[in-house]
Amino acid sequence: MAIVGIDTLLYGVQDLEKASQFLDDFGLQRLSSSVEETIYRLAEGSTVIVRSIDHASMPDDSAYTGFGVKETIWGVDTEDNLQRLVDDLKQDREVTLGDDGAWRFYSDCGLPLALRVFDRQKVIYSTDPINSSGNINRLNQHRKWRRRAIPKTINHVVFAVKDYWKTFAFFRDRLNFRMSDHQKGIGTYLRADGAHEHHNTFLLNCEVPGAGGIPRFHHTCFGVEDFDEVMIGSNHMTKRGWTHGFLGIGRHRIGSAIFCYFDSPVGGETEYGADTDYLDDNWVPREWEFRFGTASWMTKPPSFMLDEIPWDVGFYQGEEAYMRELKTE
């Protein structure tokens with residue numbers, strides 16, 4: 001075990017006041033604020049820092065343009081494991097230690113990353129039992145009533161990348177990430193070796209329609225307890241005047257998670273997520289036709305989801321097998 005999840009996300013934004021208001025409405029809990037930054041802290045101990053895109057802390061040599069997450073600090077479980085990862089990275093790239101205890105470097109594709117010891121806290125939920133006909137789990141008892149969605153975890157961060165196979169190889173070989181699933185032609189879902197969420201990052205092919213055509217930040221998923229909290233969050237954000245993103249609300253077939261995306265002034269989209277699959281090293285990755293994997297249902301399906309979609313999923317055979325399949329099509 002080494003990397004246990006996302007310690008910190010540094011956002012570079014165009015309008016700090018508007019971005020902070022969005023995250024306040026979204027339910028993140030402010031830790032501090034000033035004219036230069038707003039800092040949020042989640043129940044698991046992870047941190048979101050929001051600063052102007054022109055702030056001196058923004059990475060200088062990033063290949064990733066636009067607003068959004070400009071640096072991801074991955075949390076490591078122990079000092080020994082941190083040092084092991086840093087020593088390996090130092091063999092072929094510059095790795096620098098910051099005043100905040102984070103070791104900073106760039107991936108092979110120019111993505112700004114960092115590593116730091118992170119004591120990720122276990123969050124406490126009290127999920128309501130589910131009733132169905134003939135299967136009574138909640139007798140003479142209401143489901144809880146909520147006022148707001150309050151995310152407690154950072155589940156994953158997504159980047160549109162130039163070569164998702166090359167970037168996947170870096171995360172696998174240098175940071176010990178595991179492949180969870182491959183969405184054919186779209187990208188790879190990766191789990192940190194010390195985490196159990198279906199994926200902690202998704203490497204999206206930037207050339208697919210809607211991805212922008214250039215390396216950039218795409219979205220962050222913040223974890224809430226259940227579907228009810230997703231919908232309470234959706235209603236509150238809508239009342240506050242924010243608009244849903246491209247896919248709206250639904251459930252992914254890959255990873256099984258409930259999703260709810262919002263277009264976001266912090267860059268890209270910001271997602272509520274709940275009820276994802278949890279994995280360990282016994283998991284066998286799968287390979288999905290991209291539409292079949294996108295959703296089992298959604299409230300506003302795009303045009304490419306309206307046709308009959310083939311049931312197309314199998315076990316992952318590796319990059320080479322996928323490339324051979326492409327050549328024979």
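All figures in this text were calculated on a predicted structure; none of them were measured in a lab.

Side note on the overall build of the chain
- Helix and strand counts for the chain come out as 6 helices and 19 strands.
- For a compact globule of 329 residues, the expected C-alpha radius of gyration is about 20 Å, and the chain comes in at 20 Å, within 12% of that figure.
- Taken along the three principal axes of its C-alpha coordinates, the chain extends 60 × 55 × 35 Å.
- The proportion of buried residues among the 329 residues of the chain is 53%.
- Of the roughly 15,500 Å² that the chain leaves accessible, carbon and sulfur atoms contribute 50%.
- Each charge class in the chain was averaged separately, 36 positive and 50 negative side chains, and the resulting centres sit 4 Å apart.

Description of helix α1 (residues 16-26)
- Within the sequence span of α1, burial applies to L16, A19, S20, F22, L23, D25 and F26.
- For α1, the N-terminal capping position is held by D15, with its side-chain oxygen 3.2 Å away from the main-chain nitrogen of E17.
- Positive backbone phi, approximately 110°, marks G27, located one or two places after α1.

Here's the deal with the sheet that holds strand β6 (residues 96-97)
- Pairing is mixed in the open sheet, where 8 strands are placed in the order β2-β3-β4-β1-β5-β8-β7-β6. Every interior strand has two partners, whereas the edge strands, β2 (30-33) and β6, have only one.
- This element, helix α2 (residues 79-89), spans β1 (3-13), β5 (68-76), β7 (103-106) and β8 (112-117) of the sheet and lies at about 150° to β8.

Here we look at the packing of aromatic side chains
- Throughout the structure, instances matching the rule amount to 21 aromatic pairs.
- Ring centres of F26 and Y272 lie 3.9 Å apart, and the angle between their planes is 5°; this geometry places the pair in the stacked category. Taken together, the residues F26 in helix α1 and Y272 in strand β16 (residues 269-274) connect sequence positions 246 residues apart.
- Through a chain of ring-to-ring contacts, the aromatic side chains of F22, F26, F222, W242, F262 and Y272 assemble into a single cluster.
- Its guanidinium or amino end placed over the ring of F292, R253 lies 4.1 Å from that ring's centre, counting from NZ or CZ.
- Over the aromatic face of W311 sits the side chain of R253, whose NZ or CZ is 5.9 Å from the ring centroid.

Let's talk about the pairing of strand β4 (residues 47-52)
- Most of β4 sits out of view: 5 of its 6 residues are buried.
- Direction of pairing for β1 relative to β4: parallel, over a ladder of 6 bridges. Across the sheet, residue G12 finds its bridge partner in β4, namely R51.
- Note: strand β3 (residues 37-41) against β4, 5 bridges, orientation antiparallel. Residue pairing across strands places E37 opposite R51, the latter belonging to β4.

Reading guide: rules and limits
Residues numbered from 1 in each chain as written. Predicted model: local features only at pLDDT ≥ 70, side-chain atom pairs only at ≥ 80, totals over all residues. Heavy atoms only, no water. Helix = DSSP H or I, 4+ residues; strand = E, 2+ residues; numbered from the N terminus. Rg over C-alpha atoms; globule rule 2.2 N^0.38 Å. Buried < 20%, exposed > 50% of the residue type's maximum accessible area, 1.4 Å probe, protein only. Areas by Shrake-Rupley, 256 points an atom, 1.4 Å probe, with all protein chains shown as cover. Lys, Arg positive; Asp, Glu negative; His and termini not counted. Charge placed at Lys NZ, Arg CZ, Asp CG, Glu CD. Polar contact = N/O pair within 3.5 Å; in protein donor to acceptor, adjacent residues only side chain to side chain. Pairing = 2+ DSSP bridges. Contact = heavy atoms within 4.5 Å. Axes fitted to C-alpha atoms, helices over the stretch in contact; angles between N-to-C directions. Phe/Tyr/Trp six-rings, centres within 6.5 Å; stacked < 30°, edge-to-face > 60°. Lys NZ or Arg CZ within 6 Å of the ring centre and 35° of its normal.

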